[in-house]
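If you want the building blocks of each chain, they are given just below.
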Amino acid sequence: MASTSETCCTTDLKVGFMGAGRMAYAITRGIVNAGLVRPSNIIVSDPSPLMKNEFEELGVAFTDDNKEVVARSQLIVLSVKPNMVKPVLQEVSSLISKDNIIVSIAAGIKLATIEELLPSGTRVVRVMPNTPVLVQAGAAVLAPGSAANPRDAQLVAQLLSSVGICEQASEKLLDAVTGLSGSGPAYAFAAIEAMADGGVKMGLPRDLAMKLAAQTMLGAAKMVVETGRHPGQLKDEVCSPGGTTITAMHVLEKNGFRASLIDAVEAATKRAEELGQQ
Ligand SMILES: NC(=O)C1=CN([C@@H]2O[C@H](COP(=O)(O)OP(=O)(O)OC[C@H]3O[C@@H](n4cnc5c(N)ncnc54)[C@H](OP(=O)(O)O)[C@@H]3O)[C@@H](O)[C@H]2O)C=CC1
Ligand SMILES: O=C(O)[C@@H]1CCC=N1
């Protein structure tokens, strides 16, 4: 895997999103807050006006017409659910030219499937981001399509690097990326909630328990990222001989904590593969 995070100016880039849901909002708000793209250069489309106000508060244009997004954008993010990729691309395909870059964030949907639905030679980049892009702490991996050039991959990497990390990998790894970092925030949120519940069970007020649980996860992740040390080694340093942590670790091991997480990543990866076959 190669890290791709060069910087240059993209503020004049016209960016569109087809599908104005949770992920489109997270990426839009992230790149606007990072100052990389002018909000007035962004347009999103969705048949449902549910998120219209949120996008307009960012200064981003909202329409119910996917074709307007294509007409007004150079880089177009396909941010509908996987089952809507085909109908949406069929709707706009005749308007896509070689000047456009199509970025798909749809779980499981292969580059070949997208390319087949678009004019020959269309530049496509497949990406698996995650929701922490909203707070500039995303983790994304991209795979360029057959007609995308290195500058296209670099541009997409630059956008996503403004809201977290962005790696490039072979497309065959993207379903596993989906199972790990795409879905992973949900595992972490569940862990934070459960740790807070434990604190509440042992008498802590809810707000204190939640604050401590979230900060503990943040701090632990930061230590792994910033020290580069193995998480097992960092875990050992918390475990005093005969102390509280090793006692708790024993309970986690007996309950299959690590095996559950491995199983979860495997199950999500397989589900992404299934989504790509539908
Ligand atoms: N959520 C996440 O954490 C991540 C999601 N993804 C991928 O991102 C994509 C979007 O996910 P997410 O944002 O969670 O989903 P959402 O359901 O929140 O967003 C999708 C939006 O697309 C709208 N939509 C439906 N039909 C059309 C259409 N014909 N044209 C334009 N928009 C349409 C939906 O409207 P309506 O609800 O009315 O149908 C909805 O608002 C998915 O493919 C998912 O696999 C990738 C990484 C992480
Ligand atoms: O749950 C899903 O299918 C999407 C893809 C990764 C995160 N959310």
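Calculation notes
- Residues numbered from 1 in each chain as written.
- Chains lettered and ligands numbered in written order.
- Predicted model: local features only at pLDDT ≥ 70, side-chain atom pairs only at ≥ 80, totals over all residues.
- Heavy atoms only, no water.
- UniProt positions renumbered as here; feature names shortened; annotations may be inferred.
- Helix = DSSP H or I, 4+ residues; strand = E, 2+ residues; numbered from the N terminus.
- Rg over C-alpha atoms; globule rule 2.2 N^0.38 Å.
- Buried < 20%, exposed > 50% of the residue type's maximum accessible area, 1.4 Å probe, protein only.
- Contact = heavy atoms within 4.5 Å.
- Salt bridge = Lys/Arg side-chain N within 4 Å of Asp/Glu carboxyl O.
- Near = heavy atom within 4 Å.
- Areas by Shrake-Rupley, 256 points an atom, 1.4 Å probe, with all protein chains shown as cover.
- Nonpolar A, V, L, I, M, F, W, Y, C, P; charged D, E, K, R; others polar.
- Domains from an automatic or database assignment.
- Buried area = accessible area lost by both parts, 1.4 Å probe.
- Polar contact = N/O pair within 3.5 Å; in protein donor to acceptor, adjacent residues only side chain to side chain.
- Phe/Tyr/Trp six-rings, centres within 6.5 Å; stacked < 30°, edge-to-face > 60°.

- Labelled according to an unreviewed UniProt entry, the chain appears under the name Pyrroline-5-carboxylate reductase, originating from Pomacea canaliculata.
- The heading Subunit (unreviewed entry) in the UniProt record of the chain holds the text "Homodecamer; composed of 5 homodimers."

## Thoughts on the overall build of the chain
Then, number 1: Of regular secondary structure, the chain possesses 12 helices and nine strands.
Then, number 2: Its C-alpha radius of gyration of 21 Å places the chain within 12% of the 19 Å reference for a compact globule of 278 residues.
Then, number 3: Seen through its C-alpha atoms, the chain measures out along the principal axes to roughly 70 × 40 × 35 Å.
Then, number 4: Split into buried and exposed, the 278 residues of the chain put 42% on the buried side.
Then, number 5: Within the chain, contacts between residues at least 6 apart in sequence are counted, and of these 66% link residues at least 24 apart.

## Remarks on the pattern of salt bridges
Then, number 1: Scanning all chains against the criterion turns up 13 salt bridges.
Then, number 2: Here Asp175 makes a salt bridge to Arg126, at a shortest N to O gap of 3.0 Å. Placement of the pair is Asp175 in helix H7 (residues 174–182) and Arg126 in strand E7 (residues 123–128), with a sequence separation of 49 residues.
Then, number 3: Looking at Arg126, the relative accessible area reads 3%, which means it is buried.
Then, number 4: Residues joined in a network through salt bridges with shared partners are Arg126, Glu171 and Asp175.

## Description of the site of ligand 2
Then, number 1: Near ligand 2, the surroundings consist of Ala107, Thr178, Gly182 and Ser183.
Then, number 2: In isolation ligand 2 offers 250 Å² of accessible surface; the protein chains occlude 45% of this area.
Then, number 3: Here the residues of the shell around ligand 2 are counted per class, giving one nonpolar, three polar and no charged.

## Quick word on the domain arrangement of the chain
Then, number 1: Domains assigned within the chain are domain 1 (15–169) and domain 2 (177–276).
Then, number 2: Taking only C-alpha atoms into account, the centre of domain 1 sits 31 Å from that of domain 2.
Then, number 3: Each side of the interface is counted separately: domain 1 has 12 residues, and domain 2 has nine residues.
Then, number 4: Taken over both partners, the interface formed by domain 1 and domain 2 buries close to 750 Å², and the fraction arising from carbon and sulfur atoms is 68%.
Then, number 5: On the domain 1 side of the contact with domain 2, Gly108, Met128 and Asn130 bury the most area, a combined 41% of that side's loss.
Then, number 6: In this structure, the connection of domain 1 to domain 2 is made through zero salt bridges.
Then, number 7: Taken together, the connections running from domain 1 to domain 2 amount to one residue pair in polar contact (both at pLDDT 80 or more).

## Some thoughts on unusual backbone geometry
Then, number 1: Non-glycine residue Gln136 carries a positive phi angle of around 60°.
Then, number 2: In this structure, Gln136 sits in the loop between E7 and strand E8 (138–144).

## A closer look at the UniProt feature "binding site: NADPH" (unreviewed entry) in the chain
Then, number 1: UniProt marks Asn66 with the feature "binding site: NADPH" (unreviewed entry), using the numbering shown here.
Then, number 2: By the element assignment, Asn66 lies in helix H3 (residues 66–72).
Then, number 3: Discounting residues that sit within four places of it in the chain, Asn66 has contacts with Met18, Ser45, Val88, Glu91 and Val92.
Then, number 4: At 2.6 Å, the side chain of Asn66 forms a polar contact with the side chain of Ser45.

## A closer look at the packing of aromatic side chains
Then, number 1: Across all of its chains, the model carries two aromatic pairs by this definition.
Then, number 2: When the ring of Tyr25 is compared with that of Phe55, the centres are 5.4 Å apart and the planes differ by 85°; the resulting orientation is edge-to-face. Residue Tyr25 is located in helix H1 (residues 22–33), and its partner Phe55 is located in helix H2 (residues 52–57); the two are separated by 30 residues in the primary sequence. Take Tyr25 and Phe55: they sit in the same class, and that class is buried.
Then, number 3: Its relative accessible area of 0% is what places Phe55 among the buried residues.

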